[in-house]
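Survey of secondary and tertiary structure
In case you want the letters, here they are:
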Amino acid sequence: EAQVTQNPRYLITVTGKKLTVTCSQNMNHEYMSWYRQDPGLGLRQIYYSMNVEVTDKGDVPEGYKVSRKEKRNFPLILESPSPNQTSLYFCASSLSFGTANSPLHFGNGTRLTVT
Amino acid sequence: GDSVTQMEGPVTLSEEAFLTINCTYTATGYPSLFWYVQYPGEGLQLLLKATKADDKGSNKGFEATYRKETTSFHLEKGSVQVSDSAVYFCALSVPGYGGGNKLTFGTGTQLKVEL
């Protein structure tokens, strides 16, 4: 089954403790992206990647890192999480970029709480 | 910059009622327009899209028409079901944007359908 898989689904951590949220897609998609969803703000893009070893900042990249060493994986790294990073995170992928005819496929989300 | 404005929710309807969720946008280029749906505990799924003026996107009984003159893309359904209860996001994408498939999302409208 074609899908985007995120892990974990739920994560509670403390301020400053490094964490990684994994994302993997099995559709051979070139483009991958991370979003955070907050009440009243909709979804905002954190980082995106147009292909292996090619990543760039989205609208809200501060406090996050990403890497794209393999086509299928795009982990999100919080080196020193803070409470304002408490949010619902989504990974998404699509076959290509720069076209509206390549829809995004989303994972089921990771709910992160930083205390 | 690009932006999407959706009506505030939640919207509560009885089963078989008519649904309209308003969406208007501002964009620097000629955007493609989308509606995504998020069911409880899941990621977003593409519901329908339209890529040029006067196009009508449709899926699962939902419709939306790309109105360039009013910069709108309102979502409609003639007869809602309890299973349509979800959060609906309007979004736009401007072709050729350097960030590829970056979608600009509205804040989402929660729909609750009751028996």
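Okay, so let's go over this structure. (Residues numbered from 1 in each chain as written. Chains lettered and ligands numbered in written order. Predicted model: local features only at pLDDT ≥ 70, side-chain atom pairs only at ≥ 80, totals over all residues. Heavy atoms only, no water.)

So, on to the environment of B:Gly57. Residues and elements named next belong to chain B. Relative to the helices and strands, Gly 57 resides in strand 7 (residues 56-59). The sequence separation of Gly 57 and Asn 22 amounts to 35 residues, and the corresponding C-alpha distance is 15 Å. What Gly 57 contacts, discounting residues up to four positions off in sequence, is Leu 48, Lys 49, Ala 50, Phe 62, Glu 63 and Ala 64. (Helix = DSSP H or I, 4+ residues; strand = E, 2+ residues; numbered from the N terminus. Contact = heavy atoms within 4.5 Å.)

In this section: the state of the cysteines. Residues and elements named next belong to chain B. One pass over the structure, following the stated rule, counts 2 disulfides over all chains. Disulfide partner of Cys 23: Cys 90, at an S-S distance of 1.9 Å. Measuring handedness by torsion sign, the sulfur bridge of Cys 23 and Cys 90 sits at about -70° and is left-handed. Highlighted residues: Cys 23 in strand 4 (residues 23-26) and Cys 90 in strand 10 (residues 86-93), separated in sequence by 67 residues. For Cys 23, a relative accessible area of 1% translates into the label buried. For Cys 90, a relative accessible area of 1% corresponds to the buried category. (Disulfide = S-S within 2.5 Å. Buried < 20%, exposed > 50% of the residue type's maximum accessible area, 1.4 Å probe, protein only.)

Moving on: the pairing of strand 12 (residues 109-114) of chain B. Residues and elements named next belong to chain B. Of the two faces of strand 12, the one holding Thr 109, Leu 111 and Val 113 is buried and the one holding Gln 110, Lys 112 and Glu 114 is not buried anywhere. Across 4 bridges, strand 2 (residues 11-14) lies against strand 12 in parallel orientation. Each residue of the ladder has a partner; that of Thr 12, found in strand 12, is Lys 112. Pairing between strand 10 and strand 12: 3 bridges, direction antiparallel. Within strand 12, the position partnered with Val 87 by the bridge is Gln 110. (Pairing = 2+ DSSP bridges.)

In the segment running from A:Asn7 into A:Pro8, the intervening peptide bond is cis, with an omega of -5°. Counting through the fold element by element, A:Pro8 comes out in the loop between strand 1 (4-7) and strand 2 (10-13). In the Ramachandran plot, A:Glu53 falls in the positive-phi region, its phi being about 65° despite a non-glycine side chain. By secondary structure assignment, the location of A:Glu53 is in the loop between strand 5 (42-51) and strand 6 (54-57). The residue B:Glu16 is not glycine, and still its phi comes out positive at about 80°. Structurally, B:Glu16 is set in the loop between strand 2 and strand 3 (19-21).

Turning our attention to the nonpolar core. In terms of nonpolar packing, the biggest core is built from 27 residues, with B:Trp35, B:Leu47, B:Leu48, B:Phe73, B:Leu75 and B:Tyr88 touching the most fellow members. Every element with two or more residues in this core is listed here: strand 2, strand 3, strand 4, strand 5 (32-38), strand 6 (44-50), strand 8 (62-65), strand 10 and strand 12 of chain B. Counting residues per element, this core draws most heavily on strand 10 of chain B, which supplies 4 residues. With near-sequence residues (within four places) excluded, B:Leu48 lies in contact with B:Leu33, B:Phe34, B:Trp35, B:Gly57, B:Ser58, B:Asn59, B:Phe62, B:Glu63, B:Ala64, B:Phe73 and B:Leu75. Ranked by size, the runner-up nonpolar core spans 19 residues in total, among them A:Cys23, A:Met32, A:Trp34 and A:Leu76. (Core = buried A, V, L, I, M, F, W, Y, C linked by side-chain atoms within 4.5 Å.)

Bringing the sheet that holds strand 8 (residues 76-78) of chain A into the picture now. Paired through their backbone hydrogen bonds, the strands of a sheet run either parallel or antiparallel. Residue and element names in this part refer to chain A. The strand order across the open sheet built from 4 strands is 1-3-8-7, with neighbouring strands paired in antiparallel fashion. The sheet terminates laterally at strand 1 and strand 7 (65-66), the two strands that pair on one side only. When strand 3 (residues 19-25) meets strand 8, the two strands line up antiparallel, connected through 3 bridges. Of the residues in strand 8, the one forming a bridge with Leu 19 is Leu 78.

Turning our attention to the environment of A:Val14. Residue and element names in this part refer to chain A. Residue placement: Val 14 occurs in the loop between strand 2 and strand 3. Sequence spacing of Val 14 and Val 114 is 100 residues, and the spatial spacing of their C-alpha atoms is 5.2 Å. Setting aside its immediate chain neighbours within four residues, Val 14 contacts Val 114 and Thr 115.

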